[in-house]
Amino acid sequence: MGKVLMKGNEAMALAAIKGGCDAFFGYPITPQNELPEYLSKHMQANGRVFVQSESEVAAINMVYGAAGAGARVLTSSSSPGIALKQEGITYIAGAELPAVIINVMRGGPGLGGIQPSQGDYKQITRGGGNGDYYLYSLAPESLQEAVDLIKESFEIADYYRNPVMIAVDGLIGQMMEPVDFDHEVKKWDLKPKDWVADGDRKSHPKNIINSLYLDPTDLENHNLKLKKKYDDMKANHQRYEMINMENAEIAIVAFGSTSRIARTAIQLLKEQGVNCGILRPITIYPFPEKAFKELPKEVKDLVVVEMNTGQMIDDVKIATMGTHNIHFYGRVGGIVPEAEEIVDAVLKARGESNE
Amino acid sequence: MRRRITFIAGHYGSGKSEISVNLAIQDKLNYLVDLDVVNPYFRSRALKELLDEHDITLVESTIEGKLNSDMPYVSGKGRFPLQHKEVTAIYDLGGTENGTRVLHQFIEYIEDLKEVDFLCVVNIFRPETATTKDILKTIMMYEAETQLKITGLINNTNLMGETTQEMIDEGEKVLQEVSKILDIPVLYTVIEETKQNLTCAFGERLDLNRYVAKKWL
């Protein structure tokens, strides 16, 4: 269809349709409303299912049911709504079902505000629900990347039989950008869904979808089986981008919208004679620890920039094991850092280490 | 020439707010009334300082001094320009027909419909308004919702930084067709200020300064 100009939420919705999403279940919340609004018009027209449920809790349990029946399922929400969905998400991970969840983050905690934020980093990467599970979590920085990753996310979810989280902030949801929906995305090696509980007793034996294992040995084995998946994600599917890292003397670590602003900041820094790189995590789980091993030797200082109070710092510390000085600059409450503020933070970090 | 009062409607992200602010400044209007209660971001109300500098009174629906307080009401002050013939104003509506619905409470204060332009902003690179048929349907929805006739079109065909002359020409072709069918003029073709070399054949050229969206977007 060639390039079109899309609003982020619409683009993510259409990407889901292009990615083969069979069913959407969700409940409205700002700043992601255009996403279900778009799907309410277009899912049925494409022969798919759209349900606006009575609550977030209902929506995520509908996702659980439809995923268990073998459908490619999507739900979307924003921070407080995603918080409500946590119980369902751990059940889905526990029952080993594929699903895609889009979180268009807004300021928190609690009801917070409606302006952009990256305040759900810990919830997303540590799991807001109970038990040992993780979500394969992707944090795109542009609409094109969001579209490509959402199309692929249905493959990833099916491959791992595990929920995939698309973590963006309100800016990505609300901004306009040209997008090409026909980019080829990676096809994963998918096995037939012979585990589904779809009422079909002829082509496969009775299947049960469940996350309850009362026998401790069974539950331990189940946990170890899940862990293998997460170990495989960590070993083989970390994603990141190194930007302007050749000749860099200092680097910013930032994901999503923040890395986008950092791109402007490093241009401004170059004008001042400072060569600054950006290490951009694309997966925030698994955290791209491998990227830190690729940093040039000259880079001793890392400036973590986020729209939260420093939730990613722990992961950067774990990845660097004390080899680098970690600095931080963040804005919260829905305030987006300006490129000039990031420039000042980098200059300050550089000054401190030269003292 | 535009009339004393202008209502600006269009799809999400069609450029309503940028165009409203640009027209208000360029034409030295007295009032900019931000009636967008649909979209929480990138609203013209965020530009209060800029509008103050240009002596344009901003009407919006927040708690005074708190531009981000997202209050679910529409300011009654929006009536003032309709009732006072000595002032000029532009009304920046929310996206789609849902965004035009707020006009209901103002329509009864319009004394003479000849004083009002109701303009529809179109970008053919927005998939919902890509073809003549889509645009006609969109306009029909706005008219059905508000019971007001769309009086003119604004061609804002663009792919942001990637806009080419061919794209503008294609947009003009589609909008000419809509213009003929509905017998309403294409009042403006929008050209972004950074794209000075582009030209337009229909309507007044509106050189657009991007005020609302941040430069790093």
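Quick notes on the rules
- Each residue is numbered by its place in its chain's sequence as written, counting from 1.
- Labels follow written order: the first chain is A, the first ligand is 1, and so on.
- Residues qualify for local features only when their pLDDT is at least 70, as the model is predicted, and side-chain atom pairs are given and counted only at 80 or more; totals for whole chains, interfaces and linings, by contrast, use all residues.
- Hydrogen atoms and water are omitted, and side-chain values are computed over all heavy atoms in the structure.
- Only heavy atoms matter for contacts: two residues are in contact if any of them lie within 4.5 Å across the pair.
- Here the quantity called buried area is the total loss of accessible area, with a 1.4 Å probe, experienced by two parts when brought into contact, counted for both.
- Should a side-chain nitrogen of Lys or Arg be within 4 Å of a carboxyl oxygen of Asp or Glu, the pair is scored as a salt bridge.
- Pairs of N or O atoms are called polar contacts if they sit within 3.5 Å, as long as, within protein, a hydrogen donor faces a hydrogen acceptor (for residues adjacent in sequence, only side-chain-to-side-chain pairs).
- Any residue outside Ala, Val, Leu, Ile, Met, Phe, Trp, Tyr, Cys, Pro, Asp, Glu, Lys and Arg is labelled polar, Gly included; the first ten of those are nonpolar and the last four are charged.
- The numbering of helices and of strands both runs from the N terminus, where a helix is a DSSP run of H or I of at least 4 residues and a strand a run of E of at least 2.
- To estimate the expected span of a helix, count its residues, drop one, and scale the result by 1.5 Å.
- Accessibility here uses a 1.4 Å probe with only protein chains present; expressed as a share of the type maximum, an area under 20% marks a residue as buried, one over 50% as exposed, and anything in between as partly exposed.
- Of all possible arcs, the one meant is that of the directions from the helix axis to the C-beta atoms.
- Domain segmentation is taken from an automatic or database assignment of domains.
- Throughout, an axis means a line fitted to C-alpha atoms (over the contacting stretch in the case of helices), and angles, computed between N-to-C directions, take values from 0 to 180 degrees.
- Should an angle fall under 35 degrees it is called roughly parallel, over 145 degrees roughly antiparallel, and 65 to 115 degrees roughly perpendicular, with every other angle called oblique.
- By definition, any crossing whose near helix is turned counterclockwise from its far helix by less than a right angle is left-handed, and any crossing with a clockwise turn is right-handed.
- Buriedness of a pocket was judged along seven lines, with at least five required to meet protein on both sides within 12 Å; pockets are open sets of points on a 1 Å grid over the protein atoms alone, cavities are sets where a 1.4 Å probe fits but cannot get out, and lining residues have an atom within 4 Å of a point.
- Grid points are joined across faces, edges and corners, and a volume is the space filled by probe spheres set on the points.

**Things to note about the interface of chain B and chain A**
Facing the 23 residues of chain B at the interface are 29 residues of chain A. Here chain B and chain A share an interface that buries about 2,400 Å² over both sides, 59% of which is from carbon and sulfur atoms. Where chain B packs against chain A, one counts 2 salt bridges. A salt bridge links B:Arg126 to A:Glu10, with the shortest nitrogen-to-oxygen separation between them at 2.7 Å. Along the contact surface separating chain B from chain A lie 8 residue pairs in polar contact (both at pLDDT 80 or more). The residue makeup of the side of chain B that touches chain A, split by class, is 10 nonpolar, 7 polar and 6 charged.

**As for helix H6 (residues 132–146) of chain B**
Residues and elements named next belong to chain B. Helix length check: H6, at 15 residues, gives a terminal C-alpha distance of 21 Å against a target of 21 Å (1.5 Å per residue), a fit within 8%. Buried residues of H6: Thr-132, Ile-135, Thr-138, Ile-139, Tyr-142, Glu-143, Glu-145 and Thr-146, and no others. Down the axis, H6 shows its buried residues gathered within 165° of arc, on one side only. Those residues of H6 that are exposed and aimed more than 90 degrees away from the buried face are Lys-133, Lys-137, Met-140 and Ala-144. Looking one or two places after H6, you find Gln-147, whose phi comes out positive at around 60°.

**Focus on the domain arrangement of chain A**
Residue and element names in this part refer to chain A. By domain assignment, chain A separates into domain 1 (4–236) and domain 2 (240–354). Computed from C-alpha coordinates alone, the two centres of domain 1 and domain 2 are separated by 28 Å. Across the contact, 33 residues belong to domain 1 and 26 residues belong to domain 2. Roughly 2,500 Å² is buried in total at the junction of domain 1 and domain 2, and carbon and sulfur atoms are behind 51% of that figure. When the buried area of domain 1 at its contact with domain 2 is split by residue, Gln-118, Tyr-121 and Glu-141 rank highest and sum to 33% of it. Between Arg-126 and Asp-315 there is a salt bridge whose closest N-O contact spans 2.9 Å. Across the domain 1-domain 2 interface, the total number found is 20 residue pairs in polar contact (both at pLDDT 80 or more). Counting only elements with at least two residues in the side of domain 1 that touches domain 2, the list comes to helix H6 (121–126), strand E6 (136–138), helix H7 (143–160), strand E7 (163–169), helix H8 (170–174) and helix H9 (216–236). Here the residues of the side of domain 1 that touches domain 2 sort into 17 nonpolar, 8 polar and 8 charged.

**So, the packing of helix H1 (residues 8–18) of chain A against H7(A)**
Residues and elements named next belong to chain A. At a closest axis distance of 8 Å, the pairing of H1 and H7 adopts a crossing angle of 30°. Classed by the angle they form, the pair H1 and H7 counts as roughly parallel. Considering how the two elements wind past one another, H1 and H7 form a crossing that is right-handed. Where H1 abuts H7, its residues Gly-8, Ala-11, Met-12, Ala-15, Ala-16 and Lys-18 lie against Leu-143, Ala-146, Val-147, Ile-150, Lys-151 and Phe-154. For the contact of H1 with H7, the per-class residue count stands at 9 nonpolar, 1 polar and 2 charged.

**Let's talk about the layout of surface pockets**
The volume enclosed by the second largest pocket comes to roughly 430 Å³. Contributing to the lining of the second largest pocket are 18 residues, with A:Lys41, A:His42, B:Glu128, B:Lys137 and B:Thr138 lying nearest its centre. Of all elements in the fold, only H1 and helix H2 (34–45) of chain A together with helix H4 (96–100) and H6 of chain B reach the threshold of two or more residues within the lining of the second largest pocket. No other element matches H6(B), which puts 6 residues into the lining of the second largest pocket. Residues that form the lining of the second largest pocket fall into these classes: 6 nonpolar, 6 polar and 6 charged.

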